[in-house]
Amino acid sequence: MAATEAYLEKHGVTKMLDAIVNELVSEKPADPISFLINGLLKEAGKRGQEPALLQRLVELKKTLLSEQAEASKTLDEKAKLSAEVDKLAYRIKHLCKALDTAEANG
């Protein structure tokens, strides 16, 4: 038990959790879980630590931004191809009319 208490004391865990829980009870937020998580994240920031959760969120943000840029390029390409398809359909329609006229005139 002494090793556990020493660990908690060394890292300031008990004091930190007491402060977060006291703030929770004082504010009584609608979402206590998120409040506690945010309290832990703030404490990590104060200590100059970047939790794995934040690191993962940063990675996800980079991935999403990259995929968003790629999707935007794909949409632009799709729009260009769609316009080209419309032009080709127009040309085919008129070529068919010209062929029909030529065949009718023999």
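Please read all numbers here as calculations on a predicted model, not as lab measurements.

A. Representation of the overall build of the protein chain within the structure. Secondary structure assignment for the protein chain yields four helices and zero strands. When the helices and strands of the protein chain are placed in sequence order, the string is α-α-α-α. Taken over C-alpha atoms, the radius of gyration comes to 32 Å for the protein chain, far larger than the 13 Å a tight globule of 106 residues would show. Taken along the three principal axes of its C-alpha coordinates, the protein chain extends 105 × 30 × 20 Å. Residues counted as buried form 8% of the 106 residues belonging to the protein chain. When the accessible surface of the protein chain is summed, it comes to about 9,300 Å², and 60% of that surface belongs to carbon and sulfur atoms. Each charge class in the protein chain was averaged separately, 16 positive and 17 negative side chains, and the resulting centres sit 4 Å apart.

B. The arrangement of unusual backbone geometry in detail. Non-glycine residue K28 carries a positive phi angle of around 50°. The residue K28 is located in the loop between α2 (13–27) and α3 (32–46) in this model. Taking relative accessible area as the criterion, K28 reaches 63% and is therefore assigned exposed.

C. How the structure looks around α3. For α3, built from 15 residues, the straight-helix expectation of 21 Å at 1.5 Å per residue is met to within 8% by its first-to-last C-alpha distance of 21 Å. Inspection of α3 places F35, G39, E43 and A44 among the buried residues, and these make up the whole buried set. Those residues of α3 that are buried are in contact with α2.

D. Region of interest: helix α4 (residues 52–105). Taking 1.5 Å as the rise per residue, α4 with 54 residues should run 80 Å; its terminal C-alpha atoms sit 78 Å apart, in good agreement. A positive backbone phi angle near 65° is found at G106, which sits one or two residues after α4.

E. Geometry of the pattern of salt bridges. In total, this model carries two salt bridges according to the counting rule given. Put simply, R47 and E43 hold a salt bridge, and the shortest N to O gap is 3.1 Å. Note on R47: relative accessible area 35%, which makes it partly exposed. Among the salt bridges present, the one from E59 reaches R56, with a minimum N-O distance of 3.3 Å. Of this pair, E59 and R56 both sit in helix α4, separated by three residues, roughly a single helical turn.

F. Local environment of the packing of α2 against α3. Packing of α2 against α3 brings their axes to within 10 Å, and their N-to-C directions diverge by 140°. Our classification of the angle between α2 and α3 gives oblique. Where α2 crosses over α3, the two elements pack in a sense that is right-handed. Contact residues: M16, L17, I20, E23, L24 and E27 in α2; P32, F35, L36, G39, L40 and E43 in α3. Split by residue class, the contact of α2 with α3 holds eight nonpolar, one polar and three charged.

Criteria and thresholds
- Residues numbered from 1 in each chain as written.
- Predicted model: local features only at pLDDT ≥ 70, side-chain atom pairs only at ≥ 80, totals over all residues.
- Heavy atoms only, no water.
- Helix = DSSP H or I, 4+ residues; strand = E, 2+ residues; numbered from the N terminus.
- Rg over C-alpha atoms; globule rule 2.2 N^0.38 Å.
- Buried < 20%, exposed > 50% of the residue type's maximum accessible area, 1.4 Å probe, protein only.
- Areas by Shrake-Rupley, 256 points an atom, 1.4 Å probe, with all protein chains shown as cover.
- Lys, Arg positive; Asp, Glu negative; His and termini not counted.
- Charge placed at Lys NZ, Arg CZ, Asp CG, Glu CD.
- Expected span 1.5 Å × (residues − 1).
- Contact = heavy atoms within 4.5 Å.
- Salt bridge = Lys/Arg side-chain N within 4 Å of Asp/Glu carboxyl O.
- Axes fitted to C-alpha atoms, helices over the stretch in contact; angles between N-to-C directions.
- Parallel < 35°, antiparallel > 145°, perpendicular 65-115°, else oblique.
- Left-handed = near helix turned anticlockwise from the far one by under 90°.
- Nonpolar A, V, L, I, M, F, W, Y, C, P; charged D, E, K, R; others polar.

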